[in-house]
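Given next are the chains, with one letter for each unit.
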Amino acid sequence: MGKTIAEKIFDAHLREQVSAENMVLDLDVILCHEITTPIAIMDLVEKGMDKVFDPTKIKAVIDHVTPAKDSKTAMQGKIMREWARRHKIKDFFDIGANGVCHALFPEKGFIRPGYTVIMGDSHTCTHGAFGAFAAGIGTTDLEVGIYKGVCSFRAPKTIKIEVEGELGRRVAAKDVILSIIKQLTVNGATDRVIEFSGPTVDKMNMAERMTLCNMAVEAGGTCGICQPDRTTAEYLWPFIQGDYATIDAAVEDFKRWCSDADAEYAKVIKINVADLTPMVTHGYKPDQVKTVTEMAGTKVDQIYIGSCTNGRIEDLRAAAEILKGKKIAEGVRAIVTPATPLTYSMALKEGLIAIFMDAGFCVLNPTCGACLGMSAGVLAEDEVCASTTNRNFNGRMGKGGMVHLMSPWTAAATAVKGVITDPREI
Amino acid sequence: MRQFGGPAILLDRNDINTDEIIPAKYLTEITKIALRPHLLEDLLVDGKAFDHESEAMKKAKVVVARENFGCGSSREHAVWAFEVNDKDVIVASSFARIFRQNMFNCGILAVELKPEEIDQLFAMKGDMTISINLEKNLLLAETAGEKKEFSFEMNSFDRELVGAGGWLAYADSKY
Ligand code: SF4
């Protein structure tokens, strides 16, 4: 019997089978940010366990609230900084070099096919786009990861989603994943890995694959995962050229981490996206999804373009394509947050920042910002936000606010009209 | 082994998410105890704000809800918010993976019953007390007029973690 990518990764990292269902795995990378890590650090210090198992395998960033907005967030940053210094964690990204974790860490080449990755953040599933097993975990798991380099998981059952059909004009990876979550529902993939495959995914670039995998957790999934291929190797080439003679050699090697043709799946779902149209959420759950046509005309107060879902350069280019030479509608406000410093400087060089500013957008530094309502861009009661983020929970962007999730194209079209708008009409 | 159980509060909701359990604005706290006043602060039940400061809520040691409890963020703060309010058993028909893992990692209980059994709990009238027998995997629910017993399954590793007092202690002794 063949194996899935996740099963192959589990086999290669098995430290101990602790029960019929549970396995303790060795970890390749532990990612950290300033919201969930300081409390883990404090607890380890208090228990006399202030060690890191391997400082080269720990990567840390301050991204959720940066620069600090008050004394408490300043303290979270301070604890991270001192910890990174104390343990000689070289890959620590502070103000000036920091950006949204799930955009920044891949960009630095930290995630490779076949890796096991954990982070105290539910959207860690994003990194599965590289053919890695990457899962969000809580603080206790993070503490054990930092201290011992292991984490326990249940055996990975996988749901395979085979996507075929060519995406229509201005229909994005975000629309694909929203339609998949609608079909799976918010707990349709609980305790499952979601493997995205098929010709449509094979054709997607890494940014699009990350958008897909990013939202796996919104269907309850442990991890999203894509087969590592030439696209993966080309993206990673600057970081792996010392390890392989050619890109071809890397592609060949990555095949170790592809699912076998006769692998066993918990479920296989085939979808054809040729007729898919732009999608948007309504309500407070990410599986409450309608077509933009059904929601067209819904008034919004704020537009937010950014986050680990859609704050990459490809997303900014998409939004700018619509905004070029236009202004945001009267009565709305709009914020764009390039997800990383590299994204920001590329957007500057390409003239995208000028397009956003001319259109009337506020340009924020790379940060999670409005996405989780902790700092910049919080909504007031009864306000509505058109957002390229991944979560529309009640209160997510501010108590009493409503969030509609959509693609960068749709968000930009909505900014121009002030109401939810089909980007194909602009 | 530690004893689990006590007065129960029933929340008639699916998909209670981590942002409702503890809103992101409190994630800047670096002590667990600071979370205490904010448990379930943003919860909506029947579309209306839930009174998270009621007497019943204060007294409860067990929380019962329906499916997909704890979905959303990985914040262990959601588990701690229950823990520091002295609620160390959550009963639901299913849990989100990270939340469930966080519960056992803290050495407290996430108990899964079948949806029909959860319906039966919701159908019982009056104040409810729930006790858990971990040796026999039994949950006993009692009200003034009724008594119901359900058996539940528990993953053997999760049980070990509860016995060890959580994952950190377990991993420290073993790896
Ligand atoms: S951008 Fe939003 S979803 Fe992504 S890591 Fe930041 S807060 Fe989480």
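Parameters and conventions
Residues numbered from 1 in each chain as written. Chains lettered and ligands numbered in written order. Predicted model: local features only at pLDDT ≥ 70, side-chain atom pairs only at ≥ 80, totals over all residues. Heavy atoms only, no water. Near = heavy atom within 4 Å. Helix = DSSP H or I, 4+ residues; strand = E, 2+ residues; numbered from the N terminus. Nonpolar A, V, L, I, M, F, W, Y, C, P; charged D, E, K, R; others polar. Domains from an automatic or database assignment. Contact = heavy atoms within 4.5 Å. Buried area = accessible area lost by both parts, 1.4 Å probe. Salt bridge = Lys/Arg side-chain N within 4 Å of Asp/Glu carboxyl O. Pairing = 2+ DSSP bridges. Axes fitted to C-alpha atoms, helices over the stretch in contact; angles between N-to-C directions.

Asker: Looking at this structure, how should I read the site of the ligand?
Answerer: All names here are of chain A. Lining the immediate surroundings of the ligand are 13 residues, of which His123, Cys308, Cys368, Cys371 and Asn390 lie closest. Among the secondary structure elements, those contributing two or more residues to the shell around the ligand are α4 (101-107) and α12 (307-310). Taken together, the residues of the shell around the ligand sort by class into six nonpolar, five polar and two charged. Formed jointly, the shell around the ligand draws a minimum of three residues from each of two domains, domain 1 (5-271) and domain 2 (280-425).

Asker: Would you take a moment to explain the domain arrangement of chain A for this structure?
Answerer: Interface size is commonly expressed as the accessible surface area that is lost when the partners come together. Residues and elements named next belong to chain A. The assigned domain composition of chain A is domain 1 (5-271) and domain 2 (280-425). When each unit is reduced to the centre of its C-alpha atoms, the spacing between domain 1 and domain 2 is 24 Å. Opposite the 38 residues of domain 1 that make contact, domain 2 presents 39 residues. Taking both partners together, domain 1 and domain 2 bury about 3100 Å²; carbon and sulfur atoms supply 59% of that area. Area buried by domain 1 at its contact with domain 2 is led by Val100, Arg170 and Lys174, which between them contribute 22% of it. One can count two salt bridges joining domain 1 with domain 2. For Glu321, the salt bridge goes to Arg170, with nearest N and O atoms at 2.8 Å.

Asker: Help me understand the interface of chain B and chain A, please; the structure alone is not making it clear to me.
Answerer: Each partner contributes residues to the interface: chain B has 46 residues there, and chain A has 56 residues. Taken together, chain B and chain A are joined by seven salt bridges. With a closest N to O distance of 3.5 Å, Arg396 of chain A and Asp19 of chain B form a salt bridge. Of the residues in the side of chain B that touches chain A, the class split is 16 nonpolar, 14 polar and 16 charged.

Asker: Looking at this structure, I do not really get the sheet that holds strand β7 (residues 128-133) of chain B. What am I missing?
Answerer: Strand pairs in the sheet, formed through backbone hydrogen bonds, run parallel or antiparallel to each other. Residues and elements named next belong to chain B. Pairing in this open sheet of seven strands is mixed, and the strands run β6-β5-β4-β1-β7-β8-β9 from one edge to the other. A strand with exactly one partner marks an edge of an open sheet, and here the two such strands are β6 (109-112) and β9 (147-151). Taking the axes of each pair of neighbouring strands and ignoring which way they run, one obtains an average angle of 25° across the sheet. As paired strands, strand β4 (residues 62-64) and strand β5 (residues 89-92) are joined by three bridges and run parallel to one another. Paired with Val62 across the bridge in β5 is Val89. Relative to β9, helix α5 (residues 115-123) is tilted by about 160°, and along the sheet it contacts β1 (4-10), β4, β5, β7, β8 (138-142) and β9.

Asker: What's the story with the sheet that holds strand β4 (residues 58-61) of chain A in this structure? I'm lost.
Answerer: Residues and elements named next belong to chain A. With parallel pairing, the five strands of this open sheet are ordered in space as β5-β4-β3-β6-β7. Bordering the open sheet on either side are β5 (92-93) and β7 (133-136), each of which pairs with just one other strand. In this structure, strand β6 (residues 116-119) lies alongside β7, joined through four bridges in parallel fashion. The residue bridging Val117 from the neighbouring strand is Ala134, located in β7. Helix α5 (residues 139-148) rests against β3 (29-33), β4 and β6 of the sheet, and its axis sits at about 125° to β3.

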